[in-house]
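Tertiary structure, described
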Amino acid sequence: MKVMVFHIGVDRYALPLADVLRVVPVASLKALPGAPDFVRGLLDLHGEAIPVIDLSRLAGAPPDAVRYDTRILLVDVPAGGRRRRLGLKAERVIGVADIDGPLADAGVASAPWLGQVAAGTEGMLQLVDPDRMLAPDVEALLFGAGEAA
């Protein structure tokens, strides 16, 4: 499986490459007052307002300074009965890699968006599941409750 690898602090994480729609540089975001601190704001991408989540803050890690290799990974997530675009601010995006070995369950019930893990020569790599990224209250805040498809 091909994956996009990035860091949260010192740990390595990955999104299945099939889930990554686009990779964009970090840009200015419009703040969303009243949103949880891991919701960084709205990205204006060619006139489309895309909510952006900071993966470091979502994981409970301190936010990292924006670096030359910080990116926003665009994914589609289920929200309001349809697929909606979401930006994931990721630190130190390394690039594409292959996971060739077996995947093991991580057993992280408190963070349902964290998936299976793979061992490798560079250490453990944990998958991120964008479909399980948003709690219902955050989904309603970002995309509205019960919007028609």
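Residues numbered from 1 in each chain as written. Predicted model: local features only at pLDDT ≥ 70, side-chain atom pairs only at ≥ 80, totals over all residues. Heavy atoms only, no water.

**Focus on the packing of aromatic side chains**
Heads up, the condition is: A pair of Phe, Tyr and Trp rings is counted when the ring centres sit within 6.5 Å of each other, with Trp represented by its six-membered ring. The angle between the planes then sorts it: under 30 degrees is stacked, over 60 is edge-to-face, the rest tilted. Burial classes: relative accessible area under 20% of the type maximum marks a residue as buried, over 50% as exposed, and values in between as partly exposed (1.4 Å probe, protein chains only).
Scanning all chains against the criterion turns up one aromatic pair. Judged by centre distance (6.3 Å) and plane angle (20°), the ring pair of Phe6 and Tyr13 falls under stacked. Phe6 sits in the buried class, given a relative accessible area of 0%. Given the relative accessible area of 11%, Tyr13 is considered buried.

**Quick word on the environment of Lys30**
Quick reminder of the rule: The helix and strand labels rest on DSSP assignments: H or I over at least four residues marks a helix, E over at least two residues marks a strand, and numbering proceeds from the N terminus. Any two residues whose heavy atoms approach within 4.5 Å are treated as being in contact.
As for its placement among the helices and strands, Lys30 is situated in the loop between strand 3 (22-25) and strand 4 (39-45). By relative accessible area, which is 53% here, Lys30 ends up exposed. Spatially, the C-alpha atom of Lys30 lies 9.8 Å from that of Val52, the residues being 22 residues apart in sequence. When neighbours within four sequence positions are excluded, Lys30 is seen to be in contact with Arg40, Gly41 and Leu42.

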